[in-house]
Amino acid sequence: MTKNINQKLIIFLGFFLLSFFLRFWTLFVSVLDKDESIYILGADSLLNGNLPYTEIWDNKPPGIFILFSLTMLMFGNSIVSIRILSILATTFTSYFLYKIGKTTDAKQGEKIGLLAGGLYAIFSLHNDGAAANGEILFAPFVTGGFLLLFQNRKLSNIKVFLIGLILGIGMQIKYLVIMDVLGLVLLGSWFRKEEVRRKESEVKRKKNGKLVNNFQEFTNKKFSFVFNNLTFSWCKFYIILGVGLILPAVIIAVIYLFSGYFDEYIYATIIANSKYVAMLNFSWSDLLSRLRKQVLGNILLWLCLFWSPIYLFVFARGKFRQERNLIYLFLWFGCAFLAVLLSKRFYNHYFLQLLPPLCLISGYVIIKSVDLAPTNSVEKYHYREANEMKKITAKTEKPAFINYQKLDAIARPFLSKIPVMPSLANIILCLILIYPFAQAGYNKLSKNWEFIYYRYIQKIDTWDDREAAIAKYLRQRISSNDYIYVVNYEPIIYYLVPTKIPTKYAFSSHLTAMSQILPIDALTELDKIMTKNPSYILLAEKDNISPEYRNALNQYLETSYFLETTIQNVRLYKRQDNNFSAIHYE
């Protein structure tokens, strides 16, 4: 028992150290993704006593703001805390994938799990996964729910409720987790069907040592009872799972109801998201273009996905029962892929939802395919040689005087000096994995060293961090009572500069390009912002502002502001009523 606990702890710490090494450089960066920045602002507002959507608005479920705020309470109100959250989330997901992988194969499960967890740690950095995006944060909940299902196919009511609760929490981070829930429900139903078949086969077995010929009489009493009992068990499974699934949403809705912000909650989480999905038509060409990019950027995982049908129908032909766990993983992957399709936008980080089942499929087919290779076990070679020596000695000596224990004691030191040759399977496995693991290790080691050198040795606190440089510039020129307005740039500036935010729509794209999903008129909101006389207006050189909004903004800039400086393609406009000379800052 103690040995098992120690082994689990060592494996967990191994995944933690791997994730920490790969993500260490993120501790020094202010912005990795714009979405992450609005989550930080929402969490900071929540820590100040404001419910999500009241002071900082976004069309995401409230779970991600709650998770961020809890992390800030534990590790400190800083961006570093969020980076630690990403490391922990990746660690738990890798560990849960390892545990799931162990259940997929009695012989090679340990290797499958370790490989799946390692692949997730590496490839979760792709597709904007370095940031604390929703897909990174709900992955531990999704994999935790599937782990409970895979570990025990005959679940107790408490475990079924716990699975629903865990996935319900994940859904409060992103609603598209519902497609993972669909995959789990289908698998749960599949497992129940297997239970029915097993019970049915038991009914058909011998009774009192003789085969039951008159099956009808026995069936009426026994099989009908079993079938009805299992049917009731299915219904109970769905009901208990559903109760756990909706419980977090019910609790949150009740809090908003009694706080008087229920309408804001419904609009932000349901109505705005419905409008957001309806804004864009489904595009097959866009999907194929993004898929091509995914395959080229994560080629090992996708090659394993394409190889898996060949493995299943060629090399494992006639062994579907033994390989059914691979089919289960395909079902999970298919449901996750439906979530990507439902989004219709195919942003890079949306594909992170595919990663847990994709890593498990990859680990499974790599280990099982490599295991098909012939092995040259040195241990078998040693024993074969020892047996040959025994036979030779038996021919030259009388059997009564042969001491085989003494012979083994003499032979083993000699045989241990034979060079240990790795098996062909291990060589193939190393060749498959050496590139992604070596590339990730080299790239992150180089990046980690760069940040350590410039931040701690050269003492350049804003190295490779444009947002930190802008914030440092602004902090020297404004007070905490001033306003700044970030038009189309990173909202993290609001967090880095201790000043006031002129609008609760701090995510810039909501006003400048996606105003259709808002409950207000964008131009009216711009007028309200400008009545607060922001000391600075930040405008990035991007063509991501609607013409109407840009024209209205230009009128304010022309009449009340002048371009004070430009920091790495971000223009800082200052109000004309303060006397500052225009300079150019690089």
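The rules behind these values
- Residues numbered from 1 in each chain as written.
- Predicted model: local features only at pLDDT ≥ 70, side-chain atom pairs only at ≥ 80, totals over all residues.
- Heavy atoms only, no water.
- Helix = DSSP H or I, 4+ residues; strand = E, 2+ residues; numbered from the N terminus.
- Polar contact = N/O pair within 3.5 Å; in protein donor to acceptor, adjacent residues only side chain to side chain.
- Contact = heavy atoms within 4.5 Å.
- Buried < 20%, exposed > 50% of the residue type's maximum accessible area, 1.4 Å probe, protein only.
- Expected span 1.5 Å × (residues − 1).
- Salt bridge = Lys/Arg side-chain N within 4 Å of Asp/Glu carboxyl O.
- Pairing = 2+ DSSP bridges.
- Axes fitted to C-alpha atoms, helices over the stretch in contact; angles between N-to-C directions.
- Parallel < 35°, antiparallel > 145°, perpendicular 65-115°, else oblique.
- Left-handed = near helix turned anticlockwise from the far one by under 90°.

Trainee: So what exactly am I meant to see when it comes to the side chain of lysine 344 here?
Mentor: Along the chain, the position of lysine 344 falls in the loop between helix 13 (324–343) and helix 14 (355–370). Side-chain polar atoms of lysine 344 contact the backbone oxygen of valine 277, separated by 2.8 Å. Apart from residues lying up to four places away in sequence, lysine 344 is in contact with Val277, Ala278, Leu280, Asn281 and Phe282.

Trainee: Hey, could you run me through unusual backbone geometry in this one?
Mentor: Positive phi, normally seen in glycine, also occurs at lysine 459, with a value near 60°. Structurally, the position occupied by lysine 459 is in the loop between helix 17 (424–457) and helix 18 (466–475). According to the relative accessible area criterion, lysine 459 is exposed, its value standing at 63%. The phi torsion at asparagine 569 lies on the positive side, around 70°, for a residue other than glycine. Secondary-structure assignment places asparagine 569 in the loop between strand 3 (561–567) and strand 4 (570–575).

Trainee: What am I meant to see in helix 4 (residues 79–104) here?
Mentor: Owing to its 3.6 residues per turn, the α-helix aligns residues three or four sequence positions apart on the same side. The end-to-end C-alpha separation of helix 4 is 38 Å, in line with the 38 Å expected for 26 residues at 1.5 Å each. In terms of residue burial, helix 4 counts as a mostly covered element, since 20 of its 26 residues are buried.

Trainee: Help me out: how do you make sense of the pattern of salt bridges in this one?
Mentor: When charged atoms on two side chains of opposite charge get close, those side chains can pair. Tallied over the entire structure, the rule returns nine salt bridges. Residues arginine 290 and aspartate 286 are paired through a salt bridge, measuring 3.6 Å at the closest nitrogen-oxygen approach. Residue arginine 290 and its partner aspartate 286 are located together in helix 11 (residues 284–297), separated by four residues, close to a single helical turn. A residue is classified by how much of its surface remains accessible, and aspartate 286, at 25% relative accessible area, is partly exposed. When the shortest N-O distance is used, the salt bridge between lysine 472 and aspartate 461 registers 3.6 Å. Within this pair, whereas lysine 472 is found in helix 18, its partner aspartate 461 is found in the loop between helix 17 and helix 18, the two being separated by eleven residues in sequence. For lysine 472, a relative accessible area of 36% translates into the label partly exposed. Through salt bridges with shared partners, one network takes in Asp105, Glu323 and Lys368.

Trainee: I keep staring at the environment of tryptophan 25 and nothing clicks. Help me out?
Mentor: Counting through the fold element by element, tryptophan 25 comes out in the loop between helix 1 (2–23) and helix 2 (34–47). The sequence separation of tryptophan 25 and isoleucine 452 amounts to 427 residues, and the corresponding C-alpha distance is 8.5 Å.

Trainee: Explain the pairing of strand 4 to me, please; I cannot follow it from the model alone.
Mentor: Each regular strand carries side chains that alternate between the two faces of the sheet. Across the six residues that make up strand 4, a large majority, five, are buried. The pairing of strand 3 with strand 4 spans six bridges and is antiparallel. Within strand 4, the residue paired with threonine 565 across the bridge is leucine 572. Hairpin connection from strand 3 to strand 4: two residues lie between these consecutive antiparallel strands, with glutamine 568 at a positive phi of about 50°.

Trainee: I would appreciate a short explanation of the packing of helix 4 against helix 14 in the present structure.
Mentor: Packed helix pairs are specified by the crossing angle of their axes together with the interaxial distance, meaning the distance between the axes. One can describe the packing of helix 4 onto helix 14 by two numbers: an axis separation of 10 Å at closest approach and a directional angle of 45°. With respect to helix 14, the element helix 4 is oriented oblique. Of the two possible hands of crossing, helix 4 and helix 14 adopt the one that is right-handed. Packed against helix 4, whose contacting residues are Leu97, Ile100, Gly101 and Thr104, the element helix 14 presents Pro356, Cys359, Leu360 and Tyr364 at the interface.

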